[in-house]
Amino acid sequence: MKKRQHKILDHTILSYFLLLIFVSLFEETLGAVLDKQISSFIPGYATETIVMGKTAEVFSGVGAAAAALLAALLFKLWFRPDYNGCLQKKGIKEGLLMLLPFLVIHYAGSIVSWITLGTASVFIALLRATAPGFGEEIMFRGLGVANYMRKIQSAGQIKVIFWLSSIVFGLVHLMNILAGGDPMAVIIQAIYATGVGMLFGAVYLRTGNLWPTILGHWSVDFFEFVRVDLSGSGGVMVGMGIGDWITIAAGAFAAYWGLRLMNPKYYDEIMEIWDRKWNKKEAAETADGSLSVDQIN
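No experiment lies behind these values; they were computed from the predicted model shown. (Residues numbered from 1 in each chain as written. Predicted model: local features only at pLDDT ≥ 70, side-chain atom pairs only at ≥ 80, totals over all residues. Heavy atoms only, no water.)

(A) Inspection of unusual backbone geometry at higher detail. Of note, the amide linkage connecting R80 to P81 takes the cis form, showing an omega dihedral of 0°. Along the chain, P81 falls in the loop between helix 2 (62-78) and helix 3 (92-117). (Helix = DSSP H or I, 4+ residues; strand = E, 2+ residues; numbered from the N terminus.)

What follows is the structure, given as structure tokens:
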């Protein structure tokens, strides 16, 4: 059987951005259609925000999450049978334990914000949080990082995708200025997002499983969207409160903890995890003339 070629996706850095755009297009088209339909029968699901000085209605939640999951499925199917996928049972517990210290600090900051600013609908917050929880994790980490790990040949190359995915994740949050966010608050949010991206990226690389970061991201944004101010602005920062400074501290801790998790002593372990996810060992044995498990069966 002739092996499928992946000429464009073999360019690791370029393909990271192409896959990011790929997921984004799914969310902006299919996801937007689904979310608009959902908003028609769930009051409060849509929010009004300012985009480039104009008021616009924004629909983002379950539809965006579903579209991102479809993009992840298509990615897995494209690479079948070489790729095992990024959503599996193995590694969920370990990944959540890695995230736990950060999550506890962040939840504390969110609760302080609830007390000082007030709360909105818990149900709506739960639905809206699925968009960043699933969408952003699949967009900024899930596909691009997996594809990068498919091609690298040495453990030392791991740090490139770790930093790239973290910095891009942070910089994208600067776009909230265009949605009417307070410039200083948005810049702080972008720095915070970079730190969180470092931790989420480290957990994904260390486990080969995106579920821990999806669940962690979903829960963090759920706690934030319960806040009455962020519920009304669609998550755009319009100022800094006491609770926000605690969550910023959580972001600083995330950066520190992410670097600890990405100590070079773990690089060989990370390579082994991703070699198994991409069936590289089996492919190498087959190339050497030995029989693979599938051939034996």
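What follows continues from the structure just given.
(B) The arrangement of the nonpolar core in detail. Formed by 60 residues in total, the largest nonpolar core has its most connected members in F102, M149, I158, L205 and W274. In terms of residues, this core owes the most to one element, helix 7 (residues 183-207), which gives ten residues. Ignoring anything within four residues of it in the chain, the contact list for L205 reads V145, M149, I158, I161, F162, M262, I270 and W274. Membership of the second largest hydrophobic core comes to six residues, among which are A125, F223, F225 and V226. (Core = buried A, V, L, I, M, F, W, Y, C linked by side-chain atoms within 4.5 Å. Buried < 20%, exposed > 50% of the residue type's maximum accessible area, 1.4 Å probe, protein only. Contact = heavy atoms within 4.5 Å.)

(C) Representation of the environment of P43. Here P43 is to be found in the loop between helix 1 (12-39) and strand 1 (47-51). Each C-alpha atom of the pair P43 and I124 lies 8.9 Å from the other, and the pair is 81 residues apart in sequence.

(D) Local environment of helix 10 (residues 242-261). End to end, helix 10 covers 29 Å across 20 residues, agreeing with the expected 28 Å (1.5 Å per residue, within 8%). Looking only at helix 10, the buried set comprises G243, D244, T247, A250, G251, A254, A255, G258 and L261. When helix 10 is viewed along its axis, its buried side chains cluster within an angular range of 150° and face the same direction. Lining the buried residues of helix 10 we find helix 3, helix 6 (158-172), helix 7 and helix 8 (211-225). (Expected span 1.5 Å × (residues − 1). Arc of directions from axis to C-beta.)

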